[in-house]
Amino acid sequence: NAGVTQTPKFQVLKTGQSMTLQCAQDMNHNSMYWYRQDPGMGLRLIYYSASEGTTDKGEVPNGYNVSRLNKREFSLRLESAAPSQTSVYFCASGRDSHLYGYTFGSGTRLTVV
Amino acid sequence: KQEVTQIPAALSVPEGENLVLNCSFTDSAIYNLQWFRQDPGKGLTSLLLIQSSQREQTSGRLNASLDKSSGRSTLYIAASQPGDSATYLCAVRIMNSGGYQKVTFGTGTKLQVIP
């Protein structure tokens with residue numbers, strides 16, 4: 001099925017460990033996004049990529065890095081995980097035109113202990 | 001700064017009831033508004049997308065309206081069913097100063113439909 005695929009679905013890290021969250025879409029979308037979702041705070045944008053080879057910071061970029069590997073893939077890296085990064089992470093993709101909405105992946109539930 | 005508010009935060013209704021979920025936003029210069037459904041532990045599923053030039057969109061038992069001038073959207077669910085139980089999120093898309101089309105989400109309304 002066409003859509004946005006995220007891996008892993010669940011992860012537990014110790015403080016200071018690093019990891020990369022993977023995201024891939026097969027809809028030929030130019031734009032891709034990483035959000036985090038926390039109780040009572042809604043979804044907040046971490047980073048986005050308007051096209052292959054470009055990335056920009058969103059609302060809460062500190063502690064994260066991203067790579068737009070190609071048009072399909074957009075990864076999010078935590079270099080030194082902190083308990084404050086415990087959250088559910090969602091990847092999304094969309095066309096450039098505002099005539100279309102976003103498509104979301106199923107999320108990665110990350111716990112940092 | 002665009003702020004999106006959804007009230008109430010939680011809603012419980014008996015099966016079969018018609019209901020309305022509310023979404024309000026502070027900046028009316030939007031491109032579109034999208035309603036999503038999120039089931040526990042799952043991702044977001046798009047329900048309806050309304051362009052700024054449109055007044056409403058319909059899909060099955062769902063009808064979403066948009067009043068851009070007043071900064072409001074409603075999601076109407078007819079003849080609610082237990083399977084409609086989920087959290088409903090609205091999101092507005094605007095152009096920010098950097099030329100990027102930014103999307104701001106509300107915090108959602110958690111709906112429970114009681115059999």
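Residues numbered from 1 in each chain as written. Chains lettered and ligands numbered in written order. Predicted model: local features only at pLDDT ≥ 70, side-chain atom pairs only at ≥ 80, totals over all residues. Heavy atoms only, no water.

> How should the overall build of chain B be read in this particular structure?
Looking only at helices and strands, one finds zero helices and eleven strands in chain B. N-terminal to C-terminal, the α/β element order of chain B is β-β-β-β-β-β-β-β-β-β-β. The C-alpha radius of gyration of chain B comes to 14 Å, within 12% of the 13 Å expected for a compact globule of 115 residues. Considered along the principal axes of its C-alpha atoms, chain B spans approximately 50 × 30 × 20 Å. Counting the 115 residues in chain B, one finds 43% classified as buried. Of all intrachain contacts in chain B linking residues separated by at least 6 positions in sequence, the fraction that spans at least 24 positions is 54%. Entry remark: accessible area of chain B is about 5400 Å², with carbon and sulfur atoms responsible for 48%. (Helix = DSSP H or I, 4+ residues; strand = E, 2+ residues; numbered from the N terminus. Rg over C-alpha atoms; globule rule 2.2 N^0.38 Å. Buried < 20%, exposed > 50% of the residue type's maximum accessible area, 1.4 Å probe, protein only. Contact = heavy atoms within 4.5 Å. Areas by Shrake-Rupley, 256 points an atom, 1.4 Å probe, with all protein chains shown as cover.)

> What is the right way to look at the overall build of chain A in this model?
Looking only at helices and strands, one finds zero helices and eleven strands in chain A. Ordering the α and β elements of chain A from the N terminus gives β-β-β-β-β-β-β-β-β-β-β. Here the C-alpha coordinates of chain A stretch approximately 40 × 30 × 30 Å along the principal axes. Within chain A, counting contacts between residues at least 6 apart in sequence, those at least 24 apart form 55% of the total. For chain A, the accessible surface area stands at approximately 5300 Å², while carbon and sulfur atoms represent 48% of it. Of the side-chain charges in chain A, 11 are positive and 8 negative, and the distance between the mean point of each set is 6 Å. (Lys, Arg positive; Asp, Glu negative; His and termini not counted. Charge placed at Lys NZ, Arg CZ, Asp CG, Glu CD.)

> Just checking my understanding: could you explain the sheet that holds strand 3 (residues 19-25) of chain B for this structure?
Whenever strands of a sheet pair, they do so through backbone hydrogen bonds, lying parallel or antiparallel. All names here are of chain B. Strand order in the open sheet formed by five strands is 1-3-8-7-6, with antiparallel pairing between adjacent strands. The sheet is open, and its two borders are formed by strand 1 (4-5) and strand 6 (56-59), each paired with just one other strand. When strand 1 meets strand 3, the two strands line up antiparallel, connected through two bridges. Note that in strand 3 the partner of Thr-5 across the bridge is Ser-24. (Pairing = 2+ DSSP bridges.)

> Sorry, what's going on with the sheet that holds strand 3 (residues 19-25) of chain A here?
All names here are of chain A. Pairing in this open sheet of four strands is antiparallel, and the strands run 1-3-8-7 from one edge to the other. Two strands bound the open sheet, and with one partner strand each, they are strand 1 (4-7) and strand 7 (64-68). Each strand of the sheet is rotated relative to its neighbour by a mean of 15°, with strand direction disregarded. Pairing of strand 1 with strand 3 involves four bridges; the strand directions are antiparallel. By the bridge assignment, Thr-5 is partnered in strand 3 with Ala-24. (Axes fitted to C-alpha atoms, helices over the stretch in contact; angles between N-to-C directions.)

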